[in-house]
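Listed below are the residues making up each chain.
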Amino acid sequence: MTRKWLVILTAVATLGILGCPPKPEGGGSGNTDATGGEILIGEYGSLSGSEATFGQSTHNGIMMAVDEINGAGGVNGRKLKVLTEDDQSKAEEAANAVTKLIAQNSVVAVLGEVASSNSLAAAPICQNNKVPMITPASTNPAVTEKGDYIFRMCFIDPYQGEAMANYLTKDHQPKITKAAILVDVKSDYSTGLASFFERTFVANGGRIVSKASYSKGDSDFRSQLTTIKAAAPEVIFVPGYYNDIGQIATQARDLGITVPLAGGDGWESPKLIEIGGKNLEGCFYSNHYHAEDPTPAVANFVTKYRERFGQTPDSLAALGYDAARVLADSIKRAGSTDGAKLRDAIAATKDFAGVTGNITLGPDRNPVGKKLAILEVRNGQLALKAIVDPSGNASGPAATGTTAPAASTTTAPAATATTAPAAR
């Protein structure tokens, strides 16, 4: 009986932490509005586990931004301090990490995650405790639907899926009319992106000739690929994460499948081509930016990142950098670290000059009007294949399409690095 009551009391205490209101100003170490104390910011991410490069790149971007801000005097006369928790690429650990950051560390805001399933696990905790959370790169629409304290820096899957479907059916040469879909059923990101892609692809007159599924952690995809091959698609849409894509591409080529694979921003990682090698030639995916973009903001960011970490920054690093800078700007404008005031300041973000584009948050707390890049594997490197501009002002040849942002195809003058040396 004693053990039984101990278990019950522990469960009640845990629920109390998850549902408690945020600690009052001054309750955390240095988190008062008075000048002099550090402003504590929480970060949770996949620093280890199956999506480790996501968390590592994001962390690098966040820390580079924070160090620059602190080097320039901090925010409202105070330095920022980032407290980082590794969620091991697991949704349940993401929830635990955010609970710790709020209940034990009294952070004023939280940055994270990349994987949508992890963000969906953590967002309700931030919302219930009235602690603003900014996800740099989770694209599933449901993330910001968890409440008015939840924000994001990236475009969402309806936009990403529709843009890719429009590109294939309208602008790709030759135009694609038959596609297969291979989806990770354990991933909110993968299932959501697949559904938005399919809806637009079919609406544009295309046919989904085969649909198959796998689960995170699988290593053998031959059965699904054999079924897909028999349906003779012109492209295979695989909205998964980089650690699976390389293996899928390799097994597809082993089975004699020659059509390209296409996907979303979950492909983005220095490990992608390292895993898939030549089997990824001609494959492509949608992304948030391209490191060879010649605009001054991108070029300056890439130069500083390479100097510090010894590698080319991927889009997760760029989005992490933007997320930290938007948060700092919001704290400055709020003149306070109070949860409600900070939430209102983040929501009011407009025309913020980010590396991934100008950032204006809409009423649903998602950015509006961000461009999308489509990157292709060419000669073992990434090159720009197309740009989707929601304003219609695309560079290069005019594009068609009315149901989603138009795309135009341009080639990049150079390609990003595909393998990343260890960070300095």
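Quick summary incoming for the structure in this document. Everything numeric here is computed off the predicted structure, so don't read it as measured data.

Moving on: the overall build of the protein. In terms of helices and strands, the protein carries 12 helices and 15 strands. Relative to its 424 residues, the protein shows a buried fraction of 56%. Counting only contacts in the protein whose residues sit at least 6 apart along the sequence, the fraction spanning at least 24 positions is 68%. For the protein, the accessible area works out to roughly 16,500 Å², and carbon and sulfur atoms hold 54% of it.

The end-to-end C-alpha distance of helix α5 (residues 157-171), which contains 15 residues, comes to 20 Å, matching closely the 21 Å that a straight helix rising 1.5 Å per residue would cover. Of all 15 residues making up α5, 14 are buried, and the element is well covered by its neighbours.

All right, on to the packing of aromatic side chains then. With the rule as written, the count across this model stands at 12 aromatic pairs. Taken together, a centroid distance of 5.2 Å and an interplanar angle of 70° make the contact between F54 and Y242 edge-to-face. Highlighted residues: F54 in helix α2 (residues 52-71) and Y242 in helix α8 (residues 242-254), separated in sequence by 188 residues. Of the residues examined, F54 reaches a relative accessible area of 2% and is grouped as buried. For Y242, a relative accessible area of 4% translates into the label buried. Considering the side-chain rings of F301 and Y305, the 5.8 Å spacing of their centres and the 45° angle between planes classify their relative orientation as tilted. Of the two residues, F301 and Y305 are both situated in helix α10 (residues 296-309); the distance of four residues between them amounts to about one turn of the helix. Residue classification places Y305 among the buried positions, given a relative accessible area of 0%. One cation-aromatic arrangement involves K385 over F284; the distance from NZ or CZ to the ring centre is 5.0 Å.

Following the sequence through the fold, N70 ends up in helix α2. For N70, a relative accessible area of 15% gives the class buried. In this view, N70 contacts K79 and L80; residues no more than four positions away in its chain are not counted.

Let's shift gears to helix α4 (residues 116-128). Taking 1.5 Å as the rise per residue, α4 with 13 residues should run 18 Å; its terminal C-alpha atoms sit 19 Å apart, in good agreement. Taken residue by residue, α4 has S116, N118, S119, L120, A122, A123, I125, C126 and Q127 as its buried positions. Of the residues flanking the end of α4, it is K130, one or two places downstream, whose phi is positive at about 55°.

The subject of this paragraph is the pairing of strand β2 (residues 80-86). Two elements, strand β1 (residues 39-45) and β2, share seven bridges in a ladder whose sense is parallel. In the sheet register, E43 faces β2, and the bridge partner there is T84.

Once the charged atoms of two side chains with opposite charge are near each other, the side chains can pair. Counted under the stated rule, the structure contains 15 salt bridges. The partner of E51 in a salt bridge is K216, with the nearest N and O atoms 3.3 Å apart. Of the two residues, E51 is situated in the loop between β1 and α2 and K216 in the loop between β7 (207-214) and α7 (222-230); the sequence distance between them amounts to 165 residues. On the basis of relative accessibility, which here comes to 34%, the residue K216 falls in the partly exposed class.

Right, let's talk about the sheet that holds β1 for a bit. Here we have five strands laid out as an open sheet, ordered β2-β1-β3-β4-β5, and parallel in their pairing. Strand pairing shows two members of the sheet lacking a second neighbour, β2 and β5 (150-152), which therefore form its edges. Neighbouring strand axes in the sheet, compared pairwise and without regard to direction, differ in orientation by 25° on average. One ladder, built from two bridges, connects strand β3 (residues 109-111) with strand β4 (residues 133-135); its direction is parallel.

To continue, consider the environment of F284. Here F284 is to be found in strand β10 (residues 284-287). Residue F284 is classed as buried on the basis of its relative accessible area of 1%. C-alpha separation for the pair F284 and G263, spaced 21 residues apart in sequence, amounts to 6.6 Å.

About the thresholds
Residues numbered from 1 in each chain as written. Predicted model: local features only at pLDDT ≥ 70, side-chain atom pairs only at ≥ 80, totals over all residues. Heavy atoms only, no water. Helix = DSSP H or I, 4+ residues; strand = E, 2+ residues; numbered from the N terminus. Buried < 20%, exposed > 50% of the residue type's maximum accessible area, 1.4 Å probe, protein only. Contact = heavy atoms within 4.5 Å. Areas by Shrake-Rupley, 256 points an atom, 1.4 Å probe, with all protein chains shown as cover. Expected span 1.5 Å × (residues − 1). Phe/Tyr/Trp six-rings, centres within 6.5 Å; stacked < 30°, edge-to-face > 60°. Lys NZ or Arg CZ within 6 Å of the ring centre and 35° of its normal. Pairing = 2+ DSSP bridges. Salt bridge = Lys/Arg side-chain N within 4 Å of Asp/Glu carboxyl O. Axes fitted to C-alpha atoms, helices over the stretch in contact; angles between N-to-C directions.

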